[in-house]
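# Examining the three-dimensional arrangement
Listed here are the chains, written in short residue letters.
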Amino acid sequence: MNSIRMQFSRNDDAILVEIAVSLLPLSGAQVLEALNAAGYSRCFVLTEQINQLMADYQAVQSDIKLQKRPDGSRIQRKIALRKNAELKLEISADAMTATASVTAAWGGNPVSANDLVKAAQDYGIHFGFQKEQIVQLVTAASRAEPGTVTSQVIAIGRLMEPGLNARFEPLVEGMAARSNKPVVLSQSRVDLRDFGVIPAVVAGQPVVRRLPPTKGVDGINVRGEITLAPPGQPLEWKPGEGAEVSPSDPDLLLACRDGMPRVLEAGAAVDEVYSVKKVDLSTGHIQFKGAVIVNGDVTESMKVIAGGNVFIKGTMEGALIEAGGDVSIGGSVIGHQLSSEDSDEELFSTVVKAKGDIRCTLAQYAEINAEGDFHASKQINHCKVSARMVVAGPEDKLTGKVVGGSFYLDLGIKAGVLGSPSESSLKLDLNRRIDPVVEKQQALRQNVAAIKLEMEQIKQGIDELKKLEKSDATNEHINAFIEEFEAQKAVAVALIEDIKRLEQQKLTLMGEAAILVKQQLYAGVEVLLGTERLSTKREHGPSLIKIVDAALKLDPLL
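Residues numbered from 1 in each chain as written. Predicted model: local features only at pLDDT ≥ 70, side-chain atom pairs only at ≥ 80, totals over all residues. Heavy atoms only, no water.

### Observations concerning the environment of Asp326
How we decide: In DSSP terms, a helix is any run of H or I states spanning at least four residues, a strand is any run of E spanning at least two, and both are numbered starting from the N terminus. Only protein chains enter the calculation, and the probe is 1.4 Å; a residue is then buried if its accessible area is under 20% of its type maximum, exposed if over 50%, and partly exposed in between. Between two residues, a contact is recorded if the distance between any of their heavy atoms is within 4.5 Å. Counted as a polar contact is a pair of N or O atoms within 3.5 Å, where, for protein atoms, one must be capable of donating a hydrogen and the other of accepting one, and residues adjacent in sequence contribute only when both atoms are in side chains.
Following the sequence through the fold, Asp326 ends up in the loop between β23 (320-323) and β24 (327-329). A relative accessible area of 25% places Asp326 in the partly exposed class. Sequence separation between Asp326 and Arg359 is 33 residues; the distance between their C-alpha atoms is 8.3 Å. In contact with Asp326, other than residues within four places in its own chain, are Gly308, Asn309, Val310, Gly356 and Asp357. Within the local environment of Asp326, its side chain forms a polar contact with the backbone nitrogen of Asp357, the two atoms lying 2.8 Å apart.

Below, the structure is given as structure tokens:
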């Protein structure tokens, strides 16, 4: 069977076909099949040109039938193009990433890794080339169907890392970690009353090392533009009593007496240690400038006041524990309510105060006041608590209960069970950090109101002067009033900016506070945060209470 003779040729990037026209029919599909067979299957087909080729073929075929042209007359037309792969580069708005997009070639040359890097450099990308990603991109693009677009991040900048400020590293085991690590007796048993050996040092022993500030790491974007990292700031020692800077090493703090080390914000102190079997009528109240260790109980009505940490291995039923550091109580804190005719404020027979953290097994009918955290390993019953955060139960498995009472907190509370089936009133006020901010705002608003009143009086004075006969003296007074008005206005604007800044600070603090309940949340729990208030009316399972979209929300924990 005779077939139509087609001959393909390439002229630069154009693919030409020459056909000997005969009386045999010809379709576009036949042309495409022959194009593919000739090795141009990946070239870009010009559909309109093929349609025009069919029209040309039919016109010449008609002429052959009418014997106007001889059989085998030839026609030629460009029907495909050979296109090289196309590369497009884009740098992100922050210039920290660069992306390359490769459109796969139509029978032409692919983009090589070297081509891509050179084009990127010409485009202004000079840093952070990702070799593996570039190889993956060009490989994938070379294998992709013609015209397919493949994209990949090819360069990543380096973020600037500010230098770290000087830091203080405790060198005595237990100084920082002791209160958070009960002694593990076995895989299944932990003695919550035993926090290990109380740290102690002797004179001359290193207590804290000061780590120098770091330079930081300069940032550099993909364009090669450098952002200089601010270096960390040095910190000066502020050692407490019983500690001194080493004469041979300015970055080392030494104990200058035997005692118990205590971490400070910029150093440490070494407290003298006073140890007693128990605190009762036989010992009297304990008041000591260092640390106090009570190996038994603190009995009813007794007081322990210490400048450092206080460790009580037994039960606290006394009137007061006050510490300049942490308070660790191996047993329970047991008190009772006191009646007061002169005040509506709740009063308790037992009060525990600490500049640091307070820890115990159980607390009931007691006042707890910690600048740090309050941690009860089992239960807190009807207490009045002020603390940074309250944790009821082991840190790794919140099973503790909080029943009744009032809490004034910075960050919130974590517990297994919150409230009780009897719906005892439990008030959780999370405004301990927020209230001072609100007070500052109120004071500033009062100042702004006073300035606005003064500005109004100045304005009235100006209006009165303008009614007088014009003179140099009058104009001088008016100008003085205007200067005073502008000065007061500038102060008011600055105060309003301070109010806005404090408002943002308040919102940030509100967003950091939360109530986390791992097991059961009962009715009768009231939460206050900013001006938001939430009260539970029914029982809930595991829950999280926090600010969501400027409102206090209770959501179940999934």
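### Some thoughts on helix α2 (residues 47-65)
In plain terms, the rule: Given a helix with a known number of residues, its expected span is that number minus one, times 1.5 Å.
Spanning 19 residues, α2 covers 27 Å between terminal C-alpha atoms, matching the ideal 27 Å at 1.5 Å per step. Where α2 is buried, its residues meet β2 (14-20), α1 (28-37), β3 (44-45) and β4 (74-81). The first or second residue beyond α2 is Gln67, which carries a positive phi of 60 degrees.

### What about the sheet that holds β4?
The test is simple: Note: two strands are recorded as paired if DSSP finds a minimum of 2 bridges between them. Simply put, an axis is a line fit to the C-alpha atoms, just over the touching stretch for a helix, and the angle between two N-to-C directions goes from 0 to 180 degrees.
In space, the 4 strands of this open sheet follow the order β1-β2-β4-β3, with antiparallel pairing throughout. Bordering the open sheet on either side are β1 (6-11) and β3, each of which pairs with just one other strand. Sheet analysis places β2 next to β4, joined by 7 bridges and oriented antiparallel. Directly across from Ala14, in β4, lies its bridge partner Leu81. Sheet contacts for α2: β2, β3 and β4; angle to β4, the most-contacted strand, approximately 170 degrees.

### Describing the sheet that holds strand β7 (residues 149-156)
A sheet is described by the order of its strands in space; here 3 strands give the open sequence β5-β6-β7, paired in antiparallel fashion. The open sheet has two edge strands with one neighbour each: β5 (86-91) and β7. When the angles between neighbouring strand axes are averaged without regard to direction, this sheet yields 20 degrees. Two strands pair when backbone bridges link them, and β5 and strand β6 (residues 97-103) are joined in this way by 6 bridges, in the antiparallel orientation. Directly across from Leu89, in β6, lies its bridge partner Ala100. Sheet contacts for helix α4 (residues 131-143): β6 and β7; angle to β7, the most-contacted strand, approximately 170 degrees.

### As for the packing of aromatic side chains
The description of an aromatic ring pair uses the distance of the two centres, along with the angle that the planes make with each other. Under the convention used in this document: Classification of ring pairs uses Phe, Tyr and Trp, with its six-membered ring standing for Trp, and accepts pairs whose centres are within 6.5 Å; under 30 degrees between planes counts as stacked, over 60 as edge-to-face, and the remaining range as tilted. Only Lys NZ and Arg CZ are tested; either one counts as a charge over a ring when it is within 6 Å of the ring centre and within 35 degrees of the ring normal.
Applying the stated criterion across every chain yields a total of 3 aromatic pairs. Between the aromatic rings of Phe44 and Trp106, the centroid separation amounts to 4.9 Å while the plane-to-plane angle is 85 degrees, which identifies the pairing as edge-to-face. You can see Phe44 sitting in strand β3 and its partner Trp106 sitting in the loop between β6 and α3 (113-123), a full 62 residues away along the chain. With a relative accessible area of 24%, Trp106 lands in the partly exposed category. With centroids separated by 4.9 Å and ring planes inclined at 45 degrees, the aromatic side chains of Phe168 and Trp237 adopt a geometry described as tilted. You can see Phe168 sitting in strand β8 (residues 167-170) and its partner Trp237 sitting in the loop between β13 (226-227) and β14 (243-245), a full 69 residues away along the chain. Phe168 sits in the partly exposed class, given a relative accessible area of 21%. One residue, Lys83, lies across the ring of Phe44, its end atom 4.0 Å from the ring centre.

### Overview of the packing of α1 against α2
A pair of packed helices is characterised by two quantities: the angle between their axes and the separation of those axes. Keep this limit in mind: Throughout this description, any angle smaller than 35 degrees is read as roughly parallel, any larger than 145 degrees as roughly antiparallel, any in the 65 to 115 degree range as roughly perpendicular, and the remainder as oblique. Take the far helix as the reference: if the near one is turned anticlockwise from it by less than a right angle, the crossing is left-handed, and if turned clockwise, right-handed. Lys, Arg, Asp and Glu make up the charged group, whereas Ala, Val, Leu, Ile, Met, Phe, Trp, Tyr, Cys and Pro make up the nonpolar group; the residues left over, Gly among them, are polar.
At a minimum axis distance of 10 Å, the contact between α1 and α2 shows a crossing angle of 120 degrees. Of the possible angle classes, the one that applies to α1 and α2 is oblique. The chirality of how α1 crosses α2 is right-handed. Residues Gly28, Val31 and Leu32 of α1 pack against Ile50, Leu53 and Met54 of α2. Residues of the contact of α1 with α2, tallied by class, amount to 5 nonpolar, 1 polar and no charged.

### Thoughts on the packing of helix α5 (residues 434-467) against helix α6 (residues 472-512)
Across the interface, α5 lies against α6 with an axial gap of 9 Å and an inter-helix angle of 160 degrees. In terms of orientation, α5 lies roughly antiparallel with respect to α6. The handedness of the crossing between α5 and α6 is left-handed. Here the residues of the contact of α5 with α6 are counted per class, giving 22 nonpolar, 7 polar and 10 charged.

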